[in-house]
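# Inside the fold
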Amino acid sequence: MLRDITIGQYFPGTSFIHKMDPRMKIIASVLYIITLFVASRPLGLALGVIMVVLMYLISKISGKMIIKSLKPVVPIIIFTGILNLFFFSGPTEPLVSFGFLHIYREGIAMAVLMAVRIMCLIAGTSLLTYTTSPIELTDAIEVLMGPLKRFKVPVHEIAMMMTIALRFIPTLIEETDKIMNAQKARGADMESGGLTQRAKALIPILIPLFVSAFRRADELALAMECRCYRGSIGRTRMKQLEYHKRDFVAFGFMVLCLAAVIVINIYFPKMF
């Protein structure tokens, strides 16, 4: 399960999406999230599914990555689906009843819609880190948060911390996997017993993991100091961010998709 967590990983490539400006990728991701939450009809949500499939095909990222990104959130998807299934009522008679629990046709539809929405949300936002390097992501976040500098907000430091945290997720996952394998080799049992025993079995994993994380943080801070890192003061960029025609094409496409979903919600509320 740990190896299936792909958040923070970057896969170099030369596709249309890889070449896009990282600022536009972030903006497009926000527009896609808005599109998913605005879509309240199956046709609108189907458009969101088509969009995420199309984006993965264009980026040439393997479809297996979608499955890997969804595996860790399967319990959340199931839990959300069950909540909407049993606690969403409708004007018609319930299809099935289990005591005080009733399943309505509207509840089934809402459960499916919420499950698909969460899966599209995870898959779509994961594509941002798959196709954007940590350095580009840091620069893009800093530029987009630039107006906050007027209010004395440390924009560069915030962007750097966010990117470093995102970048070290795969590293910590790999470290956790190594510690778990080492503990199992020493005879530790982490899969049997009740909830209390399993929680206690995590202590030999968490302690060395925290020690390793603090050690890595100290080494990173020392390396940055040795390279005379002083935040945004006097800092220059080797690669300047610049919008190109492909960025505006992608932005226009996302805006059209959002507009299409809004039109479906307003003019075809009962048909789709």
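Attention here is on the structure that accompanies the text. (Residues numbered from 1 in each chain as written. Predicted model: local features only at pLDDT ≥ 70, side-chain atom pairs only at ≥ 80, totals over all residues. Heavy atoms only, no water.)

### Here's the deal with the overall build of the chain
Helix and strand content of the chain: eleven helices and two strands. What you see in the chain, going N to C, is helices and strands ordered as α-α-α-α-α-β-β-α-α-α-α-α-α. Per-residue burial over the chain gives 34% buried out of 272 residues. Long-range pairs, those at least 24 residues apart, make up 74% of the contacts in the chain with a sequence separation of at least 6. Of the accessible surface of the chain, which amounts to about 17000 Å², a share of 70% is contributed by carbon and sulfur atoms. (Helix = DSSP H or I, 4+ residues; strand = E, 2+ residues; numbered from the N terminus. Buried < 20%, exposed > 50% of the residue type's maximum accessible area, 1.4 Å probe, protein only. Contact = heavy atoms within 4.5 Å. Areas by Shrake-Rupley, 256 points an atom, 1.4 Å probe, with all protein chains shown as cover.)

### Brief notes about the pattern of salt bridges
The full count for this structure, using the stated rule, is four salt bridges. For R23, the salt bridge goes to D21, with nearest N and O atoms at 2.9 Å. Note on R23: relative accessible area 11%, which makes it buried. For K149, the salt bridge is made with E142, and the minimal N-O distance between the two is 3.9 Å. Note on K149: relative accessible area 44%, which makes it partly exposed. Look at E142 and you get buried, because its relative accessible area is 6%. (Salt bridge = Lys/Arg side-chain N within 4 Å of Asp/Glu carboxyl O.)

### Focus: the packing of aromatic side chains
Applying the stated criterion across every chain yields a total of two aromatic pairs. Where F11 meets Y130, the ring centres are 5.4 Å apart and the plane angle is 70 degrees; that geometry is what we call edge-to-face. Taken together, the positions of F11 in the segment before α1 (16-19) and Y130 in helix α6 (residues 105-130) put the pair 119 residues apart, joining distant regions of the chain. Residue class for F11 comes out partly exposed when judged on its relative accessible area of 25%. Ring geometry for Y243 against F248: centres 5.9 Å apart, planes inclined by 50 degrees, an arrangement best described as tilted. For Y243, a relative accessible area of 30% corresponds to the partly exposed category. Directly above the ring of Y243 sits R23, whose terminal nitrogen or CZ lies 4.0 Å from the centroid. (Phe/Tyr/Trp six-rings, centres within 6.5 Å; stacked < 30°, edge-to-face > 60°. Lys NZ or Arg CZ within 6 Å of the ring centre and 35° of its normal.)

### A short note on a nonpolar patch on the surface
A surface patch of nonpolar side chains, amounting to about 400 Å² of accessible area, comprises F16, L54, I58, V249 and F253. When contributions to the nonpolar patch are tallied by element, the ones reaching two or more residues are α3 (42-59) and α11 (245-267). Its place among the elements puts F16 in helix α1. Given the relative accessible area of 36%, F16 is considered partly exposed. (Patch = residues over 30% accessible without salt bridge, like charges linked within 9 Å, V, L, I, M, F, W, Y side chains within 5 Å.)

### A short note on the environment of I34
Topologically, I34 is positioned in helix α2 (residues 22-38). For the pair formed by I34 and L121, sequence separation is 87 residues and the distance between their alpha carbons is 9.9 Å.

### Details of α2
Counted at 1.5 Å a residue, the expected span for α2 with its 17 residues is 24 Å, and the 24 Å between its end C-alpha atoms agrees. The complete set of buried residues in α2 reads P22, R23, M24, K25, I26, A28, S29, L31, Y32, T35 and L36. Looking at the packing, one finds that the buried side of α2 touches α1, α3, α6, α7 (134-144) and α11. The opening residue of α2 is D21, an N-cap whose side-chain oxygen sits 2.8 Å from the backbone nitrogen of R23. (Expected span 1.5 Å × (residues − 1). Polar contact = N/O pair within 3.5 Å; in protein donor to acceptor, adjacent residues only side chain to side chain.)

### Some details on the layout of surface pockets
In this structure, the second largest pocket occupies an estimated 310 Å³ of space. In terms of lining, the second largest pocket is formed by 18 residues, of which the most central are I17, M20, A28, M55 and M254. Of the residues assigned to the lining of the second largest pocket, the class counts are 14 nonpolar, three polar and one charged. (1 Å grid on protein atoms, 1.4 Å probe; cavity = no way out; pocket = protein on both sides within 12 Å on 5 of 7 lines; lining within 4 Å. Points joined across faces, edges and corners; volume = space filled by probe spheres on them. Nonpolar A, V, L, I, M, F, W, Y, C, P; charged D, E, K, R; others polar.)

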